[in-house]
Amino acid sequence: MQQQQRLKQQQQALLQQSLLHQQSLYHHPGLLAPPQKKVPVLPWMRSPIDVTLFQECPLRLLPCLDPRLELALKNMGFSSLFPVQVAVWHETVGPGAFEQDLCINSPTGSGKTLAYALPIVNMMSSCAVKCLRALVVLPTRDLALQG
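Heads up: these notes are all about the structure in this document. (Residues numbered from 1 in each chain as written. Predicted model: local features only at pLDDT ≥ 70, side-chain atom pairs only at ≥ 80, totals over all residues. Heavy atoms only, no water.)

1. Some details on the overall build of the protein chain
Within the protein chain one finds six helices and two strands. Start at the N end of the protein chain and walk to the C end: the helices and strands fall as α-α-β-α-β-α-α-α. Per-residue burial for the protein chain yields a buried fraction of 20% across its 147 residues. Put simply, 59% of the contacts in the protein chain that link residues at least 6 apart link residues at least 24 apart. Carbon and sulfur atoms make up 59% of the accessible area of the protein chain, which amounts to about 11900 Å² in all. (Helix = DSSP H or I, 4+ residues; strand = E, 2+ residues; numbered from the N terminus. Buried < 20%, exposed > 50% of the residue type's maximum accessible area, 1.4 Å probe, protein only. Contact = heavy atoms within 4.5 Å. Areas by Shrake-Rupley, 256 points an atom, 1.4 Å probe, with all protein chains shown as cover.)

Right, dumping it as C-alpha cells:
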C-alpha cells in the first residue's frame, strides 16, 4: 500500500516537473511555441458582420425589393425591416450582394426568420424555379412552423 502511494507521488512529481519545463520553454523564443488560437475555416466566420452598425430601414428605401413583395409585406403589417434583416438583405440582395452561406447569430425576436426568408422569396419572385434554390436549416419544429 505504501509502495503504491510512493509510486503515485513520484508520478505526480514527474508530471509537475514536465509541466513546469514546458512552461519555461514558452518563454524562450524558438524553443516551443505556445498553443495557437484556432482560426475559423469559413470566410464568413473570419469576418462577421456587426449588425449593430445597421438601422431599421423603411420598405420603400430597400434596394432591389420586388414591388409585389413590398405590397405583400405592407399588407401583413410590415413598414420597415429590423437591423438584422437589413444586414442580411445587403449581403444577399442589395448593393453588396453575392451568393453565400449565412449563419445569423441574433437574439430571439430580432427577426432572423424573415431575414432568411425575405431574400429567398425576393430572388425566387423573378424566375421560374426548376431546381432547389435554397436550403434553410432550423433547429426546432417550432421555428420551422414560423416559416
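2. Overview of the pattern of salt bridges
A complete count under the given rule lists two salt bridges for this structure. Across the pair Arg68 and Asp66 runs a salt bridge, and its minimum N-O distance is 3.1 Å. For Asp66, a relative accessible area of 12% translates into the label buried. (Salt bridge = Lys/Arg side-chain N within 4 Å of Asp/Glu carboxyl O.)

3. Digging into the side chain of Thr92
Note that Thr92 resides in helix α4 (residues 83-92). Exposure remark for Thr92: the relative accessible area of 14% places this residue in the buried category. Among the polar contacts listed, one links the side chain of Thr92 to the backbone oxygen of Val88, at a separation of 2.8 Å. (Polar contact = N/O pair within 3.5 Å; in protein donor to acceptor, adjacent residues only side chain to side chain.)

4. Structural notes on the packing of α4 against helix α5 (residues 112-124)
Running from N to C, α4 and α5 point in directions that differ by 35°, and their axes come no closer than 8 Å. Between α4 and α5 lies a crossing whose hand is right-handed. On α5, the residues that touch Val84, Gln85, Val88, Trp89 and Thr92 of α4 are Lys112, Leu114, Ala115, Leu118, Pro119, Asn122 and Met123. Among the residues forming the contact of α4 with α5, the class breakdown is eight nonpolar, three polar and one charged. (Axes fitted to C-alpha atoms, helices over the stretch in contact; angles between N-to-C directions. Left-handed = near helix turned anticlockwise from the far one by under 90°. Nonpolar A, V, L, I, M, F, W, Y, C, P; charged D, E, K, R; others polar.)

5. A few points about α4
In terms of burial, α4 is a largely internal element, eight of the ten residues being buried. Considered for burial, the residues of α4 that qualify are Val84, Gln85, Val86, Ala87, Val88, Trp89, Glu91 and Thr92. Close packing links the buried residues of α4 with β1 (57-58), β2 (80-81) and α5.

6. A closer look at helix α3 (residues 67-75)
Buried within α3 we find Leu69, Glu70 and Leu73. Mapping the buried residues of α3 onto a view down its axis gives an arc of 105°, with all of them on the same face. Opposite its buried face, α3 presents the exposed residues Pro67, Arg68, Leu71 and Asn75, each directed more than 90 degrees away. Tucked inside the fold, the buried residues of α3 contact α5. Where α3 begins, one side-chain oxygen reaches toward the backbone nitrogen of Arg68, 2.8 Å away; that side chain belongs to Asp66. (Arc of directions from axis to C-beta.)

These figures capture arrangement, not role.
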